[in-house]
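# A look at the structure
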Amino acid sequence: MKSLSIFALAGTTALTMGTAATAQQVFSTWLEPNHVITREGHLQWAEDLAAASNGEINFEVIVGGALIPAASTMQGVADGLAQAGFHTATYTPSDLPVSNALADMGFITPDPFIMAFAYSDFMMNEKVGLEDWRSQGVLFGGGYAVPEYNFICREPVSTLEDMQGLRVRMPGGGWARFGQEIGVVGVNVPSTEIYLAFESGSVDCTASDTSHLTGGATLMEVSGGVTTLAMSPFYAGVTWAYNIDFWTGLTAEQRRTVFDVSAESLARLQVAYSREALEARDMAEAAGIPIVEPDASLQNAYDTWVAEGVGDMAGIATSAHGIEDPEALFASFQGYVDKWEGLLSELEQPYTEEALTVLLQEHLYGPIDVETWGLE
């Protein structure tokens, strides 16, 4: 019922954004209504877009998978069930081989701001990235990255020995391979079910960012420790995937408006995500939940695993995703990582929405030719 009420609210908001509206579109996401991506990247984005377009682009935001389930969102958008949606590439690995092959690069550069912007840039401007999504009937309109992952556990964990045999919810990919390396038992639990898994004792830990303590999975009440091993952020997904017919039907001016609003929204989302993860960690510590640094045995195990190839990242790219020359793909993507690492190094920290918006306008969205992008 919560999802449906948010749907109704979003629909009412979109309908009342102005009498100049020529049509109303649908945006589908499977995330919870309290999730920071839903709030900042979808609901606020839709409101801002309606205002910026004088009501010409009106999105109803349907949350919680009420319209299209998580794994089917991209296909549903391609088929026109929604004109745009939020999709996680790792849910459809065979459909998005390039996106999934690049999903582990964050273990080498575990900075969510760099990875959010580099991944967005690559998928929107590198032909192999753009085609990865367009071949599935959607256009990649901007990504995201969660804060770096830690281990959130039912009891404090700090050593490699502590991890042995624990049942750990891993989001797949490199995290699952690292879990195998350190002897945990991987458990496949959707993010929406982590709380119940903790409460029932069927899961001992989750590899998640700390915003899940107070938002998303809301694990504060069932957590007994946070181990601050800084693992890769998750970024292999799209905040705004557009139906190609919808995008084609927009004027060039409307497409530019979408990009302008998206630049602001992506900056706001990343700042809010980082802030909420830090605030949630502070709240957990204030509530008496131990914030535990990994000892040398656990940290060294992680560092060695990354240095030795991220659990055969290149081999997985070939065997699981069919990438013929993974090293060439990684090198190409690394160029975007280096670009955004350099751009961000010029900004003062903590980053502000305003500074990041300028950066995204100048170096990502602004240079794109809206007359031809995605239509060639």
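Provided above is the structure to which this section pertains.
Residues numbered from 1 in each chain as written. Predicted model: local features only at pLDDT ≥ 70, side-chain atom pairs only at ≥ 80, totals over all residues. Heavy atoms only, no water.

### Focus: the overall build of the protein
Note the cut-off: The helix count covers DSSP runs of H or I at least four residues long, the strand count covers runs of E at least two residues long, and both are numbered beginning at the N terminus. Put simply, the radius of gyration uses C-alpha atoms, and a globule should come to 2.2 Å times the residue count raised to 0.38. Three labels apply to residues, based on accessible area from a 1.4 Å probe with only protein chains included: buried if under 20% of the type maximum, exposed if over 50%, partly exposed otherwise in between. Residue contacts are counted whenever heavy atoms from the two residues lie within 4.5 Å of one another. Computed with a 1.4 Å probe, the accessible areas rest on the Shrake-Rupley method; for each residue, only the protein chains presented here act as cover.
The helix and strand inventory of the protein stands at 15 helices and 11 strands. Scaling as 2.2 N^0.38, a compact globule of 376 residues should have a C-alpha radius of gyration of about 21 Å, and the protein matches this with 20 Å. Counting all 376 residues of the protein, 55% fall into the buried class. Within the protein, contacts between residues at least 6 apart in sequence are counted, and of these 78% link residues at least 24 apart. When the accessible area of the protein is evaluated, it comes to approximately 14700 Å², of which 51% is carbon and sulfur surface.

### Some points on the pairing of strand β3 (residues 84-88)
Here is the rule: For two strands to be treated as a pair, DSSP must find no fewer than two bridges joining them.
Burial analysis of β3 places five of its five residues in the buried class, the great majority of the element. Side chains Ala84, Phe86 and Thr88 of β3 all project onto a buried face; the interleaved residues Gly85 and His87 project onto the opposite face, where all are buried too. Both strand β1 (residues 24-28) and β3 contribute to a ladder of two bridges, which runs parallel. When the sheet's bridge partners are listed, Phe27 is paired in β3 with Ala84. Here β3 runs beside strand β10 (residues 237-243); their pairing, made up of four bridges, is antiparallel. By the bridge assignment, Thr88 is partnered in β10 with Gly237.

### Observations regarding the pattern of salt bridges
Rules: Salt bridges are defined by distance alone: a side-chain nitrogen of Lys or Arg within 4 Å of a carboxyl oxygen of Asp or Glu.
Counting across every chain of the model gives eight salt bridges. The residue Arg134 makes a salt bridge to Glu131 at a minimum N-O spacing of 2.0 Å. Here Arg134 and its partner Glu131 are both found in helix α6 (residues 127-134), three residues apart, which amounts to about one turn of the helix. Salt bridges sharing partners connect three or more residues here, namely Glu40, Asp48 and Arg268.

### Let's talk about the nonpolar core
The line we're drawing: Within this scheme, the nonpolar core is defined by two criteria: the residues are buried Ala, Val, Leu, Ile, Met, Phe, Trp, Tyr or Cys, and they are joined through side-chain atoms within 4.5 Å.
Judged by nonpolar contacts, the single largest core of 109 residues is most densely connected at Leu102, Tyr119, Trp133, Phe151 and Met231. Sequence-distant contacts of Phe151, defined by excluding residues within four places in its chain, comprise Met163, Val168, Met170, Phe178, Ile182, Thr206, Ala207, Gly225, Val226, Thr227, Leu229 and Met231. One finds Ile194, Phe198, Ala217 and Met220 within the second-largest nonpolar core, a separate group that totals 16 residues.

### Considerations on the sheet that holds strand β6 (residues 167-169)
Spelled out, the test is: Between the N-to-C directions of two axes lies an angle of 0 to 180 degrees, each axis being a line fitted to C-alpha atoms and, for a helix, fitted only over the stretch in contact.
Taken in spatial order, the six strands of this open sheet run β7-β6-β8-β5-β9-β11, and their pairing is mixed. Where the open sheet ends on each side, the last strands, each with one partner, are β7 (185-187) and β11 (291-292). Bridge count between strand β9 (residues 225-231) and β11: two bridges; the pairing is parallel. When the bridges of β11 are listed, Thr227 appears paired with Val292. Packed onto the sheet, helix α8 (residues 173-181) meets β5 (149-153), β8 (205-208) and β9 and runs at close to 110° relative to β9.

### Overview of the state of the cysteines
Put simply, the rule reads: Sulfur atoms of two cysteines make up a disulfide when they are within 2.5 Å.
Counted under the stated rule, the structure contains one disulfide. Each sulfur of the disulfide joining Cys153 and Cys205 lies 2.1 Å from the other. On the sign convention where negative is left-handed, the bridge of Cys153 and Cys205, at about 110° about the S-S bond, is right-handed. Here the residue Cys153 occupies a position in strand β5, and Cys205 occupies one in strand β8, the gap between them amounting to 52 residues. For the pair shown, Cys153 and Cys205 are each scored as buried.

### A word on the sheet that holds β10
Spatially, five strands are ordered β2-β1-β3-β10-β4 in an open sheet, and the strand pairing comes out mixed. Lying at the two open borders of the sheet, with one neighbouring strand each, are β2 (58-62) and β4 (138-140). For this sheet, the mean angle separating the axes of adjacent strands, direction not counted, is 30°.

### Brief notes about the pairing of β10
Burial within β10 is extensive, with seven of its seven residues counted as buried. With three bridges connecting them, β4 and β10 associate as antiparallel partners. Opposite Phe140, over in β10, you have Ala241 as the bridge partner.

### A few points about the environment of Glu32
Summarising the element assignment, Glu32 is placed in the loop between β1 and α2 (36-52). Along the chain, Glu32 and Asp132 lie 100 residues apart, while their C-alpha atoms are 27 Å from each other.

### Points about the side chain of Thr239
Definition in use: Polar contact is defined as a pair of N or O atoms within 3.5 Å, subject to the rule that within protein one atom must be able to donate a hydrogen and the other to accept it, and that residues adjacent in sequence are counted only when both atoms are side-chain atoms.
On the secondary structure map, Thr239 appears in strand β10. Within the local environment of Thr239, its side chain forms a polar contact with the backbone oxygen of Gly143, the two atoms lying 2.6 Å apart. Thr239 has contacts with Phe27, Gly41, His42, Gly85, Phe86, Gly142, Gly143, Tyr144 and Leu269, leaving out every residue within four places of it along the chain.

### Digging into the side chain of His35
Its location among the elements puts His35 in the loop between β1 and α2. Owing to a relative accessible area of 7%, His35 belongs among the buried residues under this scheme. Excluding its chain neighbours within four sequence positions, the residues that come into contact with His35 are His212, Gly216 and Tyr273.

Just distances and angles here, no functional claims.
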